[in-house]
Every structure is written in structure tokens, then in C-alpha cells.
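What the coordinates show
Now for the letters of each chain:
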Amino acid sequence: MAETAYQGRLHLLQKDLMSQYYGELTASAEGSGVPAAYLLIGGNPVELLRALDILPVYPEVNALQLAVKKQSLAHIQAAEGMGYSTDNCAYVKADIGLYFAGRKTPFATIPEPSLLLCNYVGCNVYLHWFDHLAEYTKRPTFHLDIPFIRNASGRPSSDDMAYVLRQLEQLVAVCEEIAGKRLDPQRLRRVVELSSQTGRLWSEIKHLTKSAPAPYDAYFDSVTMMAPLYCLRGTEEGLTFFQTARDEYAQMAADGKGPLEREDFRFVIEGPPPWPYLRVFRDMFARWNAVAVASTYSTVGGLWEFGFAHDPDHPMESIAEHLLTWNLTNRNFLQRYDQIDRYLKEWNADALVIHSVKSCRLFSAGQGDMRDYFTQRGVPTLLVESDLEDPRYFSEAQMRTRIDAFFESLAHRKLTAAAGA
Amino acid sequence: MNIEVINRFDELIDECIETFESLDFPEARAWKSAEPGRALIGCFPVYAPVEIFHAAGALPVGLAGAGNRLEISHADARFQSFVCSIIKSTLELGMVGKLDDFDGLVFHSICDPARNLASVFTRNFPNTRVEYVHFPQRLHSEEAVTYLEREYRRILDWATATTGRSVTDEELRRSIALYNAIRTGIRWLYDFRRAEPHKLSTRELYALVRYGHVAPPEKHLRLLTHAFDELQRREGKPKDRARILLVGSFCEQPPLDLIASIESAGCYVVDDDFLLGRRFFSADVADSRNPLRDLADAYVNHSVDSSVKHDLGHSKAEALVARARAYDADAVVVLTAKFCEPALFDYALYRKAFHEAGMPHVFLEFEEKMWLFDKVKTEIETFVESLLFT
Ligand code: SF4
Ligand code: SF4
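My aim in this report is to walk through the structure given alongside it, one point at a time. (Residues numbered from 1 in each chain as written. Chains lettered and ligands numbered in written order. Predicted model: local features only at pLDDT ≥ 70, side-chain atom pairs only at ≥ 80, totals over all residues. Heavy atoms only, no water.)

Some remarks on the site of ligand 1
All names here are of chain A. Lining the immediate environment of ligand 1, one finds E60, C89, Y91, C123, V125, Y126, W129, S359, C360 and L388. Cavity membership is defined here by more than half of the atoms lying within 2 Å of grid points; on that basis ligand 1 lies in the largest pocket. A per-element tally of the shell around ligand 1 places helix α6 (residues 124-137) first, with three residues. Across the shell around ligand 1, the residue classes tally to eight nonpolar, one polar and one charged. (Near = heavy atom within 4 Å. 1 Å grid on protein atoms, 1.4 Å probe; cavity = no way out; pocket = protein on both sides within 12 Å on 5 of 7 lines; lining within 4 Å. Sits in = over half its atoms within 2 Å of the grid points. Helix = DSSP H or I, 4+ residues; strand = E, 2+ residues; numbered from the N terminus. Nonpolar A, V, L, I, M, F, W, Y, C, P; charged D, E, K, R; others polar.)

Quick word on helix α5 (residues 112-124) of chain B
The terminal C-alpha atoms of α5(B) lie 18 Å apart, and with 13 residues this matches the ideal 18 Å at 1.5 Å per residue to within 8%. Those residues of α5(B) that fall on the buried side of the exposure criterion are D112(B), P113(B), A114(B), R115(B), N116(B), L117(B), A118(B), S119(B), V120(B), F121(B) and R123(B). (Expected span 1.5 Å × (residues − 1). Buried < 20%, exposed > 50% of the residue type's maximum accessible area, 1.4 Å probe, protein only.)

With respect to the site of ligand 2
All names here are of chain B. What surrounds ligand 2 is the set F44, C84, I86, I87, I110, C111, C251, E252, C340 and P342. Judged by its atoms lying within 2 Å of the grid points, ligand 2 is housed in the second largest cavity. Residues of the shell around ligand 2, tallied by class, amount to nine nonpolar, no polar and one charged.

Regarding the interface of chain A and chain B
Contacts between chain A and chain B engage 58 residues on the former and 49 residues on the latter. Summing both sides of the interface, chain A and chain B together bury roughly 4,600 Å²; the carbon and sulfur share of this comes to 53%. A per-residue breakdown of the area chain A buries against chain B is headed by H128(A), R150(A) and R361(A), which together make up 15% of the total. Ionic pairing is found between E341(B) and R361(A), a salt bridge with its closest N-O pair at 3.1 Å. Across the contact surface, chain A and chain B share 34 residue pairs in polar contact (both at pLDDT 80 or more). Elements with a contribution of two residues or more to the side of chain A that touches chain B: α6, β4 (141-145), α7 (158-179), α13 (333-346), β7 (351-357), α14 (361-364) and α15 (367-376) of chain A. Of the residues in the side of chain A that touches chain B, the class split is 22 nonpolar, 20 polar and 16 charged. (Contact = heavy atoms within 4.5 Å. Buried area = accessible area lost by both parts, 1.4 Å probe. Salt bridge = Lys/Arg side-chain N within 4 Å of Asp/Glu carboxyl O. Polar contact = N/O pair within 3.5 Å; in protein donor to acceptor, adjacent residues only side chain to side chain.)

Considering the sheet that holds β7(A)
All names here are of chain A. An order of β6-β5-β7-β8 is seen for the four strands of this open sheet, with the pairing classed as parallel. The two strands at the open ends of the sheet, each matched to only one other strand, are β6 (290-295) and β8 (381-386). On average, each strand axis in the sheet is tilted by 30 degrees relative to the strand beside it, whichever way the strands run. In terms of strand pairing, β7 meets β8 through six bridges, oriented parallel. The residue of β8 that forms the bridge with I354 is L383. Helix-sheet contacts for helix α16 (residues 396-420) involve β5 (265-270), β6, β7 and β8, and the interaxial angle to β8 is about 170 degrees. (Pairing = 2+ DSSP bridges. Axes fitted to C-alpha atoms, helices over the stretch in contact; angles between N-to-C directions.)

Rendered as C-alpha cells:
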């Protein structure tokens, strides 16, 4: 089979922007004087850092870049040599391995943190990860404790909101110290405004895959947009990137074009991708002309497509809302079922694929129950297992067989349905 | 179990074991059926604010998995192979009807599998009330106490809605006093074993503590008092054994035989973290005019180190080494449940601290469902031998 070419103009623009961003990281590592703060993807409050000219560094993004470039295993094994278990999240291991290897990657030198901002948004591994970094780096740490969504309404209580706002005030004080300047409310307003516009564009982009064919793959192409969404949100360049993306995909939708020549199947996908085998994994779907029209993974850092946008008139409150409510990681597992349900219906999908990754139990623990829920509702559901970072858990032949069998039966189903109609 | 009529200590221990090994929660169910309107609230590890449930008129029952006494035939289709056993055995208990008498179940923010398990219970058991407590991770701050006090208020409302009773501050204070007394009793037993490990085996100590997981607290306190009297009279001579400190088993529990075999391998256990939630505080919960705040303050400011607490302001690993030294331990045994990320993460830091401090240690994994643990036993024996003969 000929190689499918997926790379478009947008991918190139993304590459440019990300290499600029990584250039800033390297410069900071080499003494540019710009302070860097490590933070986590879940509901990331990047606006506060941007407003104070602190560089955001996401160890998760670094770890996944290492995996994509097939550089993760050596770091994972180095961490295992230090006593980390084969059963620990491999993002953490890759990052810690990298830290002790001198923080040099093919894409950047990662600066030492001036601040470890542990935005504890749902994932309990985050806490371990940053506790460990704190022990190794001896750098200042700020734990931002975000109460988990634990009621049926799916909304945080006013107590939770007050608790988070109070912490955000303290965080500002800590960041001001690191930045060596006071937070300018006008600047914060502007950053939040940029973030708000970026979020709206991202939401628009996500709704575009409701068209058939979908103008891009909401899993494999969304991940290209996710790095700018976290690393560059709140900047002018970030906004320009999303304007370009929206224009390009809106045009494709208008022209009836998609990422593949044909779109035979539309699926929703749950779970993070197998970064070390991203391309191989994508091809497994492409050969069936199957396109992801929505993905839960693209909402870990923020869930914009259901109506959220930052509010420049209430910057702190909207940052708090984002942390508490508008991201996948802080939502409970049943809210994820609802999210998938909405995707299946509103994005008009034929099936659900669950990619269950060993590293990330936040995502995966209980996905068998999720499969049961959707199967009972008559949604063709496939659950496959591998990992997001550790290449040792990807069994290509087995994965291909499972995916082929699934789409074969889906094709059969479609045929029979068409014959019956 | 009738504590007062059993006069031999070893029989008492056997009865405790029989009670908690039963998957039918006999004491809890007997308590519930004794009077109409009583409720059972199952508490997943590690720590639960049991006083709140008790004051609301429910019996808080500690859930500790199903050990090797239940075949997992439904739950492993819901939770994958790389998830720890207690998650699956707890769900399995529900799926085979063993939790039918429970009116409510409570889970806590200890790890991601437990978090998702709360949701899976919510969906699969619509007639059981499921609650989730988010413990603050920004410890040692006033706002964490205020936050947790409000969280406890919410939990209290949930508990009273479950039992249909309202609760006064006075009742809450009485419950706190009762559990304070129990925690004091348990701390006393731990001190006793540390000082005279030849008079109280870890198997016995474990049985005395774990009984409280599944029995009414009033009765547990009577048991502890009884044990206190018994132990004062006990005689015995110390043997030449290695003194070890054990960590890593704070949530899923190793099979009892494995626990017993640690000592029979030739050592004394000077401290452990089995069922850590039952003695989570280093001192009594205060008694002020605001009992929920007292409980919150105890969690935030006076609870012991654990793998499910973070941002402690000190190094957990260094504190562990210091404790091992203070207890005159020759070595540390790290015994963690397979796939338990909190324990496994901590181990990486412990290991570094052990090396730096020259503290011998061994790392072992278990699963509650283990039948055969010859390998673990042999590893412990070899380790203990190496300690005794160096
Ligand atoms: S467990 Fe999942 S969300 Fe948490 S750090 Fe690992 S990959 Fe990220
Ligand atoms: S044994 Fe560990 S991973 Fe399993 S539920 Fe308990 S804390 Fe979580």
C-alpha cells in the first residue's frame, strides 16, 4: 500500500511555531534569563504565566515529543534503573530519565524550573510526579489543589470555587516573585482575551468535523493542534495559528474534502494515542477509510466545544472555571461517558474505539465498564490496549488484527443495513 | 463474636480473623438488623472520616478487598489487568451481591483507579448511594482546613440523607471521642509491639486492628481494652531477630499468611502501615466547639505520612529513614500491592534515601489474591538471613 500523506500546510506552520517555542526553552536553559515554570496539561492555567512572561514548560509535552521521536525508551529504562516500576506512568519515567540525562532532547534543552506548578487537576500521578521533581530539583513548588468534580450536576460548588480562587491569588504572588514584577491587570486581561478567542476558534474547529466528510481527523490531526493550544495559548502567535487552522479546515469542509480520499467510517476515539507508533496506528484506520470525528484525548487540557470560553472581564474566575470544570481530567468517569455519547450523536459517528493505555490509569482504569455501557446501547465498540509512551507495549500485528476485524464487521453491518433498507 | 466469654487470647484472635475474613460482613449485618433504621456505609481505603458516618447513625465498615477468598469473574471485564486487585475484588463483591446490605459507599481521592471505581459503582449500583471525598493536597494551609471542613459538611449532609437522621455537634463530638479512644488503643498496641515484639505478634496485632474494620466501634474498643489487659500479663522472652519496619501495604492488604510469614522468617516488625487509615492521626483529634473543623484540622495538620498525601513540606523518604532509625530498625521491607502506583512511586524516593542512609531494604510485591507466596517468603527469609549474618 502506498504511504498516505497526511502532512498539510498547517502541520508545517505548527512545526515552525513549536520550534520557536522550543528555541525559547533552550535559550532559557542557556541563560536568557527568562524564568520557566513546569506545569501540567490538565486544565492548565497558562494565562497567569504568560501574563507575567514566565515560560510554560509541560513535561507531558516533552515526554510525548520524545516518544514520537522514538527517544523515550532509554529514559524510561534509566528511571526504572532508579527504582521506578514498570507499572508507573511512563510519562513520568521518561521525564525523570530526561532530567537526569541533562535535559537535552533533539528538539530543545529543557530549562531547570524556576517554579514547579503542580496543577492537580484530576490526575493523582501529577502529585507524585511533581513531588519527585521537587525532591530532585529542590526548586520551589506550588500545589494548586483543584477539587474533583464529584456531584451529579457536574458543576463545582461555590465552596470549591472560593477555594480555588483563594489559591490562585497566592499563586499570583508566588509568580510575581519569580517574574520580578507585579501582575498588570491590563496585561492579564489581554492574555485572557487572546485565550478566549483561541478557545472559540478551537471550538469552531472541533464542530467542523460534524460535516461529512470531516475536514480533518479529530484524533490524529487534533494532536497537532494540541501543543500550540497549551504552549502558545494566550499569545498572538497562538491565536494566528488557530485562525489559520479554522480557515483551512472551514474551506476543506466547504469543498467537501477530508484527510483521506474517502470517508467510509466515522468513529469516536477515547484515550491518548500510542505516541511511539502514532503513524503506524493512524495507518491502521486510514486503510479502512476510517476517520475520527471526535476524541476525548483532545480535551485533557480544556473542553471548549461545549460552550466554554475564558472571560476577559473575569479573568481569575474563568481560569478557575477552566481548572475545575472545563477539561476532561477533572471530570468524573461518567461525565466522560456523557461526553462520548454526545460525540456519537452530534458528530454522527458509527462506532467507538477505546485505546486503553497502561500508563494512564486516569484514562484507562474502568474502560471495560465503559465498553459495557456503550455495547449495551448498541454502539459498536472496540477496546485495544497499548501505551502512550512506552514502545514495549505496542504489539503491531495484534493491534492490526483487532482493528481489521472490527472494521470488517462494521463494513458487513453497513452492507446488511443497506440491503435491508 | 462475644469478647467477654472468650477467655483465651489466641481464640479471640482466631475469632477476629474469622470475622474479618468472612465476605458476608457478619458483625456489621447483625448490627444493622438488630434495629430498624440502621445503615451501613462502606469505606474504601485509605482514610475515611468515620466519625461523621457514625454520628449520623450508620456503621462505617472498612472495605479491604476480598483477599484470596473470592474468584474474580465479572470485575476483570471492567478493570484491566494492569489495575490493582482491590479495585477488582471490591467491584466483584458488589457484583456478587455481598454489598447489597450497604446503604452507602465512600471513595476518596487516593489514586486514579479508586476515583474511576467510584463512578463505576455509581453506574452499576443505582440503589446504593455512592460518595467521593476530595482530600486537599495543599496541606498545611489554613484554606485547606476550611476547604475540608466544608467538604465534611457536604459529606455529613450526604450521610444524614442516607440514614434519615439529623446530627448535633454533640453527637459528632461523642463519635470523635470514641474513635480517639480506639486510635489511642491502636497506638498503644503498636508501641507495645515495638517495645516487646516477642509478646505481640504482627499477625495478632493485625487481627486486633482489622476487626475494627468490620465491627461496631464500641465493640472494637472493648476488644482493645481486653487485649490491653491480656497483654500486660503476657510473658515471653525476646529472641535474637532482626527488627524491620514495613511499608507499602496501606491500601490493598496482603494475605494474612503472608503477613505472618514475615515474622516467621525470623524478624520482628517494629512498625508497618497495614490499614493505616485506622490510625491516621499522630495525636487525638481536638475537641473544640467545631467538630467538623477539628476533623479537618486533624487531617491537614496532624495526620501521618502516607503515599496518598502530598506537598508535605518535608521529604517522606527522609522521614521514613528517620523513623526506622528512631525505632531501632535494622532494615526496611517495602511490601507493595502490585500495580499500586502511589506505593510504587514512593518506592523510587525511598530507595534513594535508603542508599544514602545505608539502610538495608528489600522490595517485594504482593497481590491480595495470592495463594502461593513461597517466592516472596523465600526472598524475605534470604533477606533476613543476610541481616542476621552480616
Ligand atoms: S497518569 Fe495520565 S494524566 Fe496522569 S501524568 Fe500519566 S499520562 Fe498524564
Ligand atoms: S492499592 Fe494502590 S492503586 Fe489500588 S486502590 Fe489502593 S491506593 Fe489505589
